[in-house]
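Okay, here's what each chain looks like letter by letter:
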Amino acid sequence: MRTLIVFLLSLVLISCGTSAKEQNKIATKSIQNQTKIKFDKELHNFNSIKNGEIVGCYFKYTNTGETPLLINNVKPGCGCTTVNYTKEPVLPGEEGEIEIRFNSKGFSGKQYKIIKVEANIPNQFIELVISANVIN
């Protein structure tokens with residue numbers, strides 16, 4: 001019994017010696033190992049559009065992991081692209097979506113825009129791509 005008490009006190013002291021930052025890293029790593037995201041698509045092609053036209057699409061996703069999925073940030077590659085996304089945690093089995101809008105004003109020819117999605121997943125981010133052929 002005495003050995004058990006000494007062991008438990010040792011664990012408490014060791015955990016107290018772990019900084020909050022280290023504990024957060026451990027918790028985040030544990031969550032990332034269990035959180036997964038599956039997109040219905042990772043590329044959307046608008047095909048041919050007119051210069052100045054604003055087009056949009058949705059990237060739907062499902063949390064296929066075991067813990068809540070949180071999209072931390074969605075970064076478009078340039079100012080011509082805007083985003084709107086589900087900001088609340090998405091529970092396992094639930095769905096969310098990212099709306100992308102592309103303003104083709106000032107562009108000509110084939111365009112490829114990359115959108116970086118940061119989340120609490122193992123690789124921490126995934127890239128989505130939109131493409132269009134802008135006609136003047």
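Our structure is the block above this text.
First, a word on scope: everything that follows refers to the structure included in this document. (Residues numbered from 1 in each chain as written. Predicted model: local features only at pLDDT ≥ 70, side-chain atom pairs only at ≥ 80, totals over all residues. Heavy atoms only, no water.)

### Notes on the overall build of the chain
The helix and strand tally for the chain stands at two helices and eight strands. Written out in order from the N terminus, the α and β elements of the chain read α-α-β-β-β-β-β-β-β-β. Out of the 136 residues belonging to the chain, those deemed buried represent 29%. Relative to all contacts within the chain whose residues are 6 or more apart in sequence, the contacts with residues 24 or more apart total 65%. Accessible surface, the chain: about 8,900 Å² in total, of which carbon and sulfur atoms supply 55%. (Helix = DSSP H or I, 4+ residues; strand = E, 2+ residues; numbered from the N terminus. Buried < 20%, exposed > 50% of the residue type's maximum accessible area, 1.4 Å probe, protein only. Contact = heavy atoms within 4.5 Å. Areas by Shrake-Rupley, 256 points an atom, 1.4 Å probe, with all protein chains shown as cover.)

### A few points about unusual backbone geometry
For residues besides glycine, phi is generally negative; the peptide bonds are generally trans as well. Located in the positive-phi region is Asn 47, a residue other than glycine, with phi close to 60°. Located in the positive-phi region is Gln 124, a residue other than glycine, with phi close to 70°. Summarising the element assignment, Gln 124 is placed in the loop between β7 (109-119) and β8 (125-135).

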